[in-house]
Amino acid sequence: MIPLPLGLLRAFAWPWRLLRTYPWPTLALALAAFAWLQHGRARHWRERARSEATSHAATKANYQTAQKEAARRAQEERLATERTHSRLAKEADNALHEADLWRARAGRFADDGGMRVACSGPAGRTPGHAAAPGSDHPAPRADGPGSPAVTLSRADFETLSANTERLLRVHAWGQRLVEEGLAFPPETP
């Protein structure tokens, strides 16, 4: 180990000599310096605590404002959802009403003789009535005057009516989606 220079030892030795020569005043001076440092640190902590309290009050006010804003937005969303639900319920009621009207019209058409009743088989076939098309005998393609009529059974007519009703509802739903901007209109070739 390298010995310290003699001047450096004298520089570090003066506090010890001062303490040995004047112990009470040196301790009082050290205590006063320590108290002054602690007083400065306490002032710093008081300012920091005041700043934290101000920041906390601002955060609390911002939180309360945000809560009020969120409650207002939630109320608006709830009202918008209720309006949408009531509109959809009204549309569903209208669709059910239209479906009932469609079924009633189809039933009147069938009951008024607007369609020919198909025979159950070749043995019960009446002259002039064509059999209902099936997998073994397709419907005739000629559609002009004098061509034989295509007839449906009551069950096939009801199925046709139900499918037509369903397709009309789907078409109306698609149109509504296009009008609301939620879908694109179909491209026509």
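Residues numbered from 1 in each chain as written. Predicted model: local features only at pLDDT ≥ 70, side-chain atom pairs only at ≥ 80, totals over all residues. Heavy atoms only, no water.

Some words on the overall build of the chain
Stage number 1. When you go through the chain residue by residue, the secondary structure sums to 3 helices and 0 strands.
Stage number 2. Walking the chain from its N terminus toward its C terminus, one meets helices and strands in the order α-α-α.
Stage number 3. Counting across all 189 residues of the chain, residues that qualify as buried make up 6%.
Stage number 4. Of the contacts formed within the chain by residues at least 6 apart in sequence, a portion of 49% connects residues at least 24 apart. (Helix = DSSP H or I, 4+ residues; strand = E, 2+ residues; numbered from the N terminus. Buried < 20%, exposed > 50% of the residue type's maximum accessible area, 1.4 Å probe, protein only. Contact = heavy atoms within 4.5 Å.)

Re the pattern of salt bridges
Stage number 1. Taken as a whole and assessed by the stated rule, the structure comprises 8 salt bridges.
Stage number 2. R176 is the salt-bridge partner of E91, the closest N and O atoms lying 3.0 Å from each other. With E91 in helix α2 (residues 23-111) and R176 in helix α3 (residues 154-179), the pair connects residues that are 85 residues apart, well separated along the chain.
Stage number 3. The network of salt bridges with shared partners includes E69, R72, R73 and E76. (Salt bridge = Lys/Arg side-chain N within 4 Å of Asp/Glu carboxyl O.)

Digging into the packing of α2 against α3
Stage number 1. Orientation of α2 relative to α3, taken along the N-to-C sense of each, is 150°, at an axis distance of 10 Å. The orientation of α2 with respect to α3, classified from their angle, is roughly antiparallel. As for how α2 packs across α3, the hand of that crossing is right-handed. Touching R87, E91, A95, A99, W102, R103, A106, G107, F109, A110 and D111 of α2 are R154, F157, S161, T164, E165, R169 and R176, all from α3.
Stage number 2. Here the residues of the contact of α2 with α3 are counted per class, giving 7 nonpolar, 3 polar and 8 charged. (Axes fitted to C-alpha atoms, helices over the stretch in contact; angles between N-to-C directions. Parallel < 35°, antiparallel > 145°, perpendicular 65-115°, else oblique. Left-handed = near helix turned anticlockwise from the far one by under 90°. Nonpolar A, V, L, I, M, F, W, Y, C, P; charged D, E, K, R; others polar.)

With respect to the confidence of the model for the chain
Stage number 1. On average, residues of the chain carry a pLDDT of 77, and 74% of them reach 70 or more.
Stage number 2. Within the chain, α2 carries the highest mean pLDDT (88), whereas helix α1 (residues 6-21) carries the lowest (74).
Stage number 3. For the stretch residues 116-129, pLDDT sits under 50, and the model shows 15 contacts to residues farther than four places along the chain or on other chains. (pLDDT = per-residue confidence, 0-100.)

Focus on α3
Stage number 1. Across its 26 residues, α3 extends 37 Å between first and last C-alpha, which sits within 8% of the 38 Å expected from 1.5 Å per residue.
Stage number 2. Taken together, the buried positions of α3 are occupied by F157, S161 and E165.
Stage number 3. Buried residues along α3 sit in contact with α2.
Stage number 4. Of the residues one or two after α3, G181 is the one with positive phi, at around 80°. (Expected span 1.5 Å × (residues − 1).)

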